[in-house]
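# Structural characterization, general
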Amino acid sequence: MRSRTSCHTNQSAYMRGGVRISVFINTPSCPLSFALSPQTRRTVPFSHFFFHFPSKVLQNKSANMSRKFFVGGNWKMNGDKKSLGELIQTLNSGKVDPNVEVVCGAPSIYLDFARSKLDAKFGVAAQNCYKVPKGAFTGEISPAMIKDCGVNWVILGHSERRHVFGESDELIGQKTAHALESGLGVIACIGEKLDEREGGITEKVVFAQTKVIADNVKDWSKVVLAYEPVWAIGTGKTASPQQAQEVHEKLREWLKTNVSEAVANSVRIIYGGSVTGGTCKELASQKDVDGFLVGGASLKPEFIDIINAKA
(Lines give C-alpha, C1' and ligand atoms only; values in the text may rest on other atoms or scores of the structure.)
Protein backbone atom coordinates (compact mmCIF):
# COMPACT_ATOMS: atom_id res chain seq x y z
CA MET A 1 0.00 0.00 0.00
CA ARG A 2 1.19 3.49 -0.67
CA SER A 3 2.19 5.43 2.39
CA ARG A 4 -0.35 7.99 3.52
CA THR A 5 2.43 10.34 4.56
CA SER A 6 1.92 13.63 2.79
CA CYS A 7 5.08 14.62 0.98
CA HIS A 8 6.43 15.26 -2.48
CA THR A 9 7.64 12.13 -4.25
CA ASN A 10 9.54 11.07 -7.29
CA GLN A 11 7.77 8.17 -8.97
CA SER A 12 8.81 5.57 -11.48
CA ALA A 13 6.99 2.49 -12.71
CA TYR A 14 8.12 -0.92 -13.84
CA MET A 15 6.09 -3.37 -15.95
CA ARG A 16 6.72 -7.07 -15.61
CA GLY A 17 4.36 -9.93 -16.46
CA GLY A 18 1.35 -7.61 -16.59
CA VAL A 19 2.03 -6.29 -13.09
CA ARG A 20 2.55 -2.57 -12.70
CA ILE A 21 4.81 -1.72 -9.79
CA SER A 22 5.08 1.91 -8.79
CA VAL A 23 7.88 2.92 -6.48
CA PHE A 24 7.85 6.22 -4.64
CA ILE A 25 11.09 7.67 -3.31
CA ASN A 26 10.33 10.42 -0.86
CA THR A 27 12.29 13.08 0.91
CA PRO A 28 14.61 11.79 3.70
CA SER A 29 11.94 12.53 6.30
CA CYS A 30 9.30 10.44 4.49
CA PRO A 31 9.20 6.65 4.12
CA LEU A 32 9.76 4.73 0.91
CA SER A 33 6.52 3.21 -0.32
CA PHE A 34 5.21 1.28 -3.30
CA ALA A 35 1.91 0.30 -4.92
CA LEU A 36 0.82 -2.74 -6.88
CA SER A 37 -1.88 -2.58 -9.52
CA PRO A 38 -5.33 -3.67 -8.30
CA GLN A 39 -5.30 -6.53 -10.84
CA THR A 40 -2.93 -8.57 -8.68
CA ARG A 41 -2.27 -9.38 -5.07
CA ARG A 42 0.49 -11.92 -5.62
CA THR A 43 3.97 -11.58 -4.08
CA VAL A 44 6.41 -9.83 -6.37
CA PRO A 45 10.14 -10.68 -6.13
CA PHE A 46 12.23 -7.78 -4.88
CA SER A 47 14.39 -8.05 -7.99
CA HIS A 48 11.43 -6.92 -10.08
CA PHE A 49 11.44 -3.47 -8.55
CA PHE A 50 12.94 -0.49 -10.27
CA PHE A 51 14.00 2.28 -7.90
CA HIS A 52 14.56 5.86 -8.86
CA PHE A 53 16.47 7.87 -6.26
CA PRO A 54 16.83 11.63 -6.70
CA SER A 55 20.57 12.24 -7.04
CA LYS A 56 20.58 15.11 -4.55
CA VAL A 57 19.00 12.93 -1.85
CA LEU A 58 21.58 10.21 -2.49
CA GLN A 59 24.50 12.64 -2.41
CA ASN A 60 23.39 14.31 0.82
CA LYS A 61 22.70 11.00 2.55
CA SER A 62 25.95 9.45 1.37
CA ALA A 63 28.00 12.47 2.49
CA ASN A 64 26.38 12.46 5.91
CA MET A 65 26.98 8.74 6.39
CA SER A 66 30.65 9.06 5.44
CA ARG A 67 31.35 11.61 8.19
CA LYS A 68 32.29 9.77 11.38
CA PHE A 69 30.66 11.33 14.44
CA PHE A 70 33.25 13.21 16.49
CA VAL A 71 33.04 14.17 20.17
CA GLY A 72 35.75 16.26 21.78
CA GLY A 73 36.00 16.95 25.49
CA ASN A 74 37.68 20.24 26.36
CA TRP A 75 38.80 19.96 29.98
CA LYS A 76 40.11 23.55 29.89
CA MET A 77 42.10 24.58 33.02
CA ASN A 78 40.43 22.03 35.28
CA GLY A 79 41.35 18.96 37.27
CA ASP A 80 44.34 17.41 38.95
CA LYS A 81 45.82 13.93 38.73
CA LYS A 82 43.33 12.56 41.24
CA SER A 83 40.15 13.94 39.66
CA LEU A 84 41.30 13.43 36.09
CA GLY A 85 42.43 9.92 36.95
CA GLU A 86 38.92 9.15 38.23
CA LEU A 87 37.38 10.64 35.08
CA ILE A 88 39.69 8.58 32.89
CA GLN A 89 38.76 5.44 34.80
CA THR A 90 35.08 6.21 34.20
CA LEU A 91 35.69 6.68 30.48
CA ASN A 92 37.81 3.55 30.16
CA SER A 93 35.19 1.40 31.87
CA GLY A 94 32.19 3.02 30.19
CA LYS A 95 30.30 1.58 27.23
CA VAL A 96 30.86 3.96 24.33
CA ASP A 97 29.66 3.82 20.74
CA PRO A 98 32.55 2.36 18.66
CA ASN A 99 31.38 4.39 15.67
CA VAL A 100 32.26 7.67 17.39
CA GLU A 101 35.70 9.26 17.41
CA VAL A 102 36.40 10.64 20.88
CA VAL A 103 39.20 13.08 21.73
CA CYS A 104 39.91 14.52 25.19
CA GLY A 105 41.54 17.95 25.42
CA ALA A 106 43.78 17.89 28.49
CA PRO A 107 45.71 20.77 30.10
CA SER A 108 49.23 20.82 28.65
CA ILE A 109 50.87 19.76 31.90
CA TYR A 110 48.69 16.62 31.93
CA LEU A 111 48.99 15.62 28.27
CA ASP A 112 51.44 12.80 28.98
CA PHE A 113 49.37 11.67 31.98
CA ALA A 114 46.15 11.60 29.98
CA ARG A 115 47.71 9.78 27.04
CA SER A 116 49.28 7.13 29.26
CA LYS A 117 46.07 6.47 31.24
CA LEU A 118 43.33 6.70 28.60
CA ASP A 119 42.50 3.63 26.52
CA ALA A 120 43.90 3.72 23.01
CA LYS A 121 40.34 4.04 21.63
CA PHE A 122 40.31 7.63 22.95
CA GLY A 123 42.37 10.36 21.34
CA VAL A 124 44.01 13.20 23.24
CA ALA A 125 44.29 16.85 22.22
CA ALA A 126 46.32 19.79 23.43
CA GLN A 127 44.28 22.94 23.99
CA ASN A 128 46.70 25.26 22.22
CA CYS A 129 50.08 25.39 20.50
CA TYR A 130 52.37 27.97 18.93
CA LYS A 131 53.20 28.61 15.29
CA VAL A 132 56.87 27.54 15.30
CA PRO A 133 58.71 24.35 16.38
CA LYS A 134 60.87 25.89 19.13
CA GLY A 135 62.41 29.11 20.39
CA ALA A 136 62.29 31.83 23.01
CA PHE A 137 58.53 31.81 23.55
CA THR A 138 58.05 31.53 27.29
CA GLY A 139 54.98 29.57 28.31
CA GLU A 140 54.20 28.22 24.84
CA ILE A 141 54.23 24.64 23.57
CA SER A 142 54.90 23.46 20.03
CA PRO A 143 53.28 20.77 17.89
CA ALA A 144 56.57 18.86 18.07
CA MET A 145 56.33 18.75 21.88
CA ILE A 146 52.69 17.68 21.68
CA LYS A 147 53.55 14.82 19.34
CA ASP A 148 56.44 13.83 21.60
CA CYS A 149 53.83 13.08 24.28
CA GLY A 150 52.02 10.73 21.91
CA VAL A 151 49.22 13.24 21.33
CA ASN A 152 47.80 13.72 17.82
CA TRP A 153 45.28 16.57 18.10
CA VAL A 154 45.19 20.23 19.07
CA ILE A 155 42.33 22.67 19.68
CA LEU A 156 42.96 26.04 18.01
CA GLY A 157 41.01 29.29 17.85
CA HIS A 158 38.79 28.63 20.86
CA SER A 159 36.81 31.72 21.85
CA GLU A 160 38.69 31.95 25.15
CA ARG A 161 41.96 32.15 23.22
CA ARG A 162 40.44 34.79 20.94
CA HIS A 163 38.64 36.95 23.50
CA VAL A 164 40.53 36.39 26.77
CA PHE A 165 44.05 36.18 25.36
CA GLY A 166 43.53 38.36 22.31
CA GLU A 167 44.54 35.91 19.60
CA SER A 168 43.85 37.26 16.14
CA ASP A 169 42.43 35.41 13.14
CA GLU A 170 45.84 35.77 11.51
CA LEU A 171 47.68 34.10 14.40
CA ILE A 172 45.14 31.29 14.55
CA GLY A 173 45.62 30.72 10.84
CA GLN A 174 49.41 30.55 11.28
CA LYS A 175 49.04 28.11 14.17
CA THR A 176 46.70 25.96 12.07
CA ALA A 177 49.16 25.81 9.20
CA HIS A 178 52.10 24.82 11.42
CA ALA A 179 50.11 22.25 13.41
CA LEU A 180 48.95 20.55 10.21
CA GLU A 181 52.43 20.65 8.70
CA SER A 182 53.68 18.97 11.88
CA GLY A 183 51.20 16.13 11.52
CA LEU A 184 48.63 17.10 14.15
CA GLY A 185 44.90 17.00 13.60
CA VAL A 186 43.27 20.38 14.25
CA ILE A 187 39.96 21.11 15.94
CA ALA A 188 39.49 24.64 14.59
CA CYS A 189 36.98 26.76 16.51
CA ILE A 190 34.81 29.56 15.17
CA GLY A 191 31.79 31.40 16.54
CA GLU A 192 30.03 34.72 17.03
CA LYS A 193 29.51 36.79 20.17
CA LEU A 194 26.04 37.70 21.43
CA ASP A 195 26.11 41.26 20.07
CA GLU A 196 27.15 39.91 16.66
CA ARG A 197 24.24 37.45 16.59
CA GLU A 198 21.81 40.14 17.71
CA GLY A 199 23.27 42.45 15.08
CA GLY A 200 22.50 39.92 12.37
CA ILE A 201 26.14 39.35 11.34
CA THR A 202 26.63 35.74 12.47
CA GLU A 203 27.37 34.52 8.96
CA LYS A 204 29.76 37.39 8.24
CA VAL A 205 31.74 36.65 11.41
CA VAL A 206 31.98 32.87 11.07
CA PHE A 207 32.70 33.04 7.34
CA ALA A 208 35.59 35.45 7.97
CA GLN A 209 37.00 33.19 10.68
CA THR A 210 36.60 30.13 8.48
CA LYS A 211 38.32 31.81 5.52
CA VAL A 212 41.50 32.45 7.51
CA ILE A 213 41.55 28.81 8.59
CA ALA A 214 40.78 27.56 5.07
CA ASP A 215 43.60 29.65 3.62
CA ASN A 216 46.02 27.68 5.82
CA VAL A 217 44.71 24.16 5.20
CA LYS A 218 46.05 21.81 2.54
CA ASP A 219 44.68 18.52 3.88
CA TRP A 220 41.11 18.84 5.17
CA SER A 221 41.03 15.21 6.33
CA LYS A 222 43.00 16.38 9.38
CA VAL A 223 40.60 19.21 10.26
CA VAL A 224 37.43 19.26 12.33
CA LEU A 225 35.53 22.55 12.30
CA ALA A 226 33.90 23.43 15.62
CA TYR A 227 31.11 25.99 15.61
CA GLU A 228 30.83 27.44 19.12
CA PRO A 229 28.58 30.48 19.56
CA VAL A 230 30.42 32.47 22.22
CA TRP A 231 27.17 33.43 23.93
CA ALA A 232 26.48 29.74 24.63
CA ILE A 233 29.87 28.75 26.07
CA GLY A 234 29.77 28.20 29.80
CA THR A 235 26.55 30.18 30.14
CA GLY A 236 24.10 27.32 30.35
CA LYS A 237 22.49 28.66 27.16
CA THR A 238 22.52 26.33 24.19
CA ALA A 239 21.78 27.20 20.59
CA SER A 240 18.58 25.46 19.58
CA PRO A 241 19.02 22.46 17.28
CA GLN A 242 17.55 24.60 14.50
CA GLN A 243 20.00 27.46 15.15
CA ALA A 244 22.93 25.05 15.15
CA GLN A 245 21.77 23.31 11.97
CA GLU A 246 21.24 26.63 10.19
CA VAL A 247 24.81 27.80 10.81
CA HIS A 248 26.32 24.38 10.06
CA GLU A 249 24.42 24.21 6.77
CA LYS A 250 25.59 27.72 5.82
CA LEU A 251 29.18 26.77 6.68
CA ARG A 252 28.94 23.72 4.45
CA GLU A 253 27.59 25.87 1.62
CA TRP A 254 30.49 28.31 2.16
CA LEU A 255 33.00 25.45 1.95
CA LYS A 256 31.37 24.18 -1.24
CA THR A 257 31.63 27.61 -2.86
CA ASN A 258 35.06 28.62 -1.56
CA VAL A 259 36.97 25.36 -1.13
CA SER A 260 35.35 22.42 -2.94
CA GLU A 261 32.24 20.29 -2.96
CA ALA A 262 34.30 17.28 -1.85
CA VAL A 263 35.56 19.12 1.22
CA ALA A 264 32.09 20.48 2.00
CA ASN A 265 30.69 16.95 1.96
CA SER A 266 33.49 15.32 3.96
CA VAL A 267 34.61 17.81 6.61
CA ARG A 268 33.08 17.31 10.04
CA ILE A 269 31.39 20.36 11.54
CA ILE A 270 30.75 19.90 15.24
CA TYR A 271 28.81 22.03 17.72
CA GLY A 272 29.99 23.40 21.05
CA GLY A 273 28.23 25.53 23.63
CA SER A 274 26.86 24.12 26.90
CA VAL A 275 26.19 20.68 25.40
CA THR A 276 24.80 18.30 28.03
CA GLY A 277 23.36 14.82 28.28
CA GLY A 278 19.94 16.43 28.09
CA THR A 279 20.52 18.45 24.91
CA CYS A 280 22.83 16.20 22.93
CA LYS A 281 20.38 13.81 21.25
CA GLU A 282 18.26 16.43 19.49
CA LEU A 283 21.37 18.34 18.43
CA ALA A 284 22.92 15.13 17.10
CA SER A 285 19.82 14.46 14.99
CA GLN A 286 20.51 17.49 12.78
CA LYS A 287 21.91 16.44 9.41
CA ASP A 288 24.86 18.84 9.39
CA VAL A 289 25.85 18.44 13.06
CA ASP A 290 28.67 15.89 13.03
CA GLY A 291 29.46 15.85 16.74
CA PHE A 292 30.30 18.07 19.68
CA LEU A 293 33.06 19.96 21.44
CA VAL A 294 32.03 19.64 25.08
CA GLY A 295 33.21 21.84 27.95
CA GLY A 296 32.02 21.39 31.53
CA ALA A 297 30.02 18.22 30.85
CA SER A 298 33.18 16.47 29.58
CA LEU A 299 34.42 16.42 33.19
CA LYS A 300 31.34 14.49 34.35
CA PRO A 301 30.07 10.93 33.85
CA GLU A 302 27.36 12.30 31.50
CA PHE A 303 30.12 12.75 28.91
CA ILE A 304 29.51 9.09 28.07
CA ASP A 305 25.85 9.90 27.34
CA ILE A 306 26.99 12.65 24.99
CA ILE A 307 29.41 10.32 23.22
CA ASN A 308 26.50 7.91 22.70
CA ALA A 309 24.10 10.61 21.44
CA LYS A 310 23.74 8.88 18.06
CA ALA A 311 23.45 5.36 19.47
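Given the structure is predicted, the values throughout are model-derived calculations rather than measurements.

### Some thoughts on the side chain of threonine 176
Structurally, the position occupied by threonine 176 is in helix H6 (residues 169-181). Within polar-contact distance, the side chain of threonine 176 engages the backbone oxygen of isoleucine 172 at 2.8 Å. When sequence neighbours within four positions are dropped, the list of residues in contact with threonine 176 reads Leu156, Val186, Ile213 and Val217.

### Some words on the packing of aromatic side chains
By the definition in use, this model includes 6 aromatic pairs. Residues phenylalanine 69 and phenylalanine 292 carry aromatic rings whose centres are separated by 5.7 Å and whose planes lie at 85° to one another, so their mutual orientation is edge-to-face. Linking phenylalanine 69 in strand S4 (residues 69-74) with phenylalanine 292 in strand S11 (residues 291-294), this pair joins segments that are 223 residues apart in sequence. On the accessibility criterion, phenylalanine 69 (7% relative accessible area) is buried. The lysine or arginine in question, arginine 161, covers the ring of phenylalanine 165, its NZ or CZ lying 4.2 Å from the ring centre.

### Quick notes on the packing of helix H8 (residues 202-214) against helix H9 (residues 241-258)
Interaxial distance between H8 and H9 falls to 11 Å at its minimum, and their mutual angle equals 45°. Viewed along their axes, H8 and H9 adopt a mutual orientation that is oblique. Remark: the crossing between H8 and H9 carries right-handed chirality. Between H8, through Thr202, Glu203, Val206, Phe207, Thr210, Lys211 and Ala214, and H9, the contact on the second element is made entirely by Val247, Lys250, Leu251, Trp254 and Leu255. Residues that form the contact of H8 with H9 fall into these classes: 7 nonpolar, 2 polar and 3 charged.

### What about the sheet that holds S11?
If you walk around this closed barrel you meet the 8 strands as S4-S5-S6-S7-S8-S9-S10-S11, and the pairing is parallel. Across the sheet, the mean angle from the axis of one strand to that of its neighbour is 25°, orientation sign disregarded. Relative to S11, S4 is paired through 4 bridges, and the arrangement is parallel. In the strand pairing of S11, glycine 72 is matched with leucine 293.

### Quick notes on the pattern of salt bridges
In this structure the tally under the stated criterion is 13 salt bridges. Here lysine 287 ties to aspartate 288 by a salt bridge, and the two come within 3.1 Å at their closest N and O atoms. Judged by its relative accessible area of 47%, lysine 287 falls in the partly exposed class. Residues joined in a network through salt bridges with shared partners are Arg67, Arg252, Lys287, Asp288 and Asp290.

### Examining the confidence of the model for the protein
With 79% of its residues at a pLDDT of at least 70, the protein reaches an overall mean of 86. Counting contacts from residues 1-53, a segment whose pLDDT is below 50, to residues more than four positions away or on other chains yields 80 contacts.

### Structural notes on the packing of H6 against H8
At a closest axis distance of 8 Å, the pairing of H6 and H8 adopts a crossing angle of 35°. Like other packed secondary-structure pairs, H6 and H8 cross with a definite hand, here right-handed. In contact with Asp169, Glu170, Gly173 and Thr176 of H6, H8 contributes Gln209, Val212 and Ile213. Of the residues contributing to the contact of H6 with H8, the split by class is 2 nonpolar, 3 polar and 2 charged.

### Structural notes on helix H2 (residues 81-93)
The end-to-end C-alpha distance of H2, which contains 13 residues, comes to 18 Å, matching closely the 18 Å that a straight helix rising 1.5 Å per residue would cover. Listed in full, the buried residues belonging to H2 are Leu84, Leu87, Ile88 and Leu91. Each buried residue of H2 lies within a common arc of 100° when the element is viewed along its axis, so the set occupies one face. Seen from the buried face of H2, the exposed residues on the opposite side, beyond 90 degrees, are Lys82, Gln89 and Ser93. Where H2 is buried, its residues meet strand S5 (100-105), helix H3 (111-117), strand S6 (122-126) and helix H12 (303-307).

### A look at a negative patch on the surface
Side chains of Glu203, Glu246, Glu249 and Glu253 sit close together on the surface and give a patch of like negative charge. Looking at the negative patch element by element, the count peaks at 3 residues for H9. Its location among the elements puts glutamate 249 in helix H9. Note on glutamate 249: relative accessible area 33%, which makes it partly exposed.

### Concerning the nonpolar core
One broad trend across soluble globular proteins is that nonpolar side chains are buried collectively. Within the largest apolar cluster, 65 residues are counted, with the highest numbers of intra-cluster contacts made by Val71, Leu91, Val154, Tyr271 and Phe292. The leading source of residues in this core is H9, at 5 residues. For valine 154, the residues in contact, after removing those within four places along its chain, are Ala125, Ala126, Asn128, Cys129, Ile146, Ala179, Leu184, Gly185, Val186 and Ile187.

### Comments concerning the pairing of S5
Regular strands place side chains that alternate from one sheet face to the opposite one. Across the 6 residues that make up S5, a large majority, 5, are buried. Both S4 and S5 contribute to a ladder of 6 bridges, which runs parallel. Paired with asparagine 74 across the two strands is glycine 105, which belongs to S5. As for the winding sense of the linkage, the β-α-β connection from S4 through H2 to S5 is right-handed. As paired elements, S5 and S6 share 4 bridges and run parallel to each other. Its bridge partner being in S6, valine 103 is matched across the sheet by glycine 123. As a crossover connection, the stretch from S5 through H3 into S6 is right-handed.

So, how was this worked out
Residues numbered from 1 in each chain as written. Predicted model: local features only at pLDDT ≥ 70, side-chain atom pairs only at ≥ 80, totals over all residues. Heavy atoms only, no water. Helix = DSSP H or I, 4+ residues; strand = E, 2+ residues; numbered from the N terminus. Polar contact = N/O pair within 3.5 Å; in protein donor to acceptor, adjacent residues only side chain to side chain. Contact = heavy atoms within 4.5 Å. Phe/Tyr/Trp six-rings, centres within 6.5 Å; stacked < 30°, edge-to-face > 60°. Buried < 20%, exposed > 50% of the residue type's maximum accessible area, 1.4 Å probe, protein only. Lys NZ or Arg CZ within 6 Å of the ring centre and 35° of its normal. Axes fitted to C-alpha atoms, helices over the stretch in contact; angles between N-to-C directions. Parallel < 35°, antiparallel > 145°, perpendicular 65-115°, else oblique. Left-handed = near helix turned anticlockwise from the far one by under 90°. Nonpolar A, V, L, I, M, F, W, Y, C, P; charged D, E, K, R; others polar. Pairing = 2+ DSSP bridges. Salt bridge = Lys/Arg side-chain N within 4 Å of Asp/Glu carboxyl O. pLDDT = per-residue confidence, 0-100. Expected span 1.5 Å × (residues − 1). Arc of directions from axis to C-beta. Patch = residues over 30% accessible without salt bridge, like charges linked within 9 Å, V, L, I, M, F, W, Y side chains within 5 Å. Areas by Shrake-Rupley, 256 points an atom, 1.4 Å probe, with all protein chains shown as cover. Lys, Arg positive; Asp, Glu negative; His and termini not counted. Charge placed at Lys NZ, Arg CZ, Asp CG, Glu CD. Core = buried A, V, L, I, M, F, W, Y, C linked by side-chain atoms within 4.5 Å. Right-handed = clockwise from strand over helix to strand, strands pointing away.

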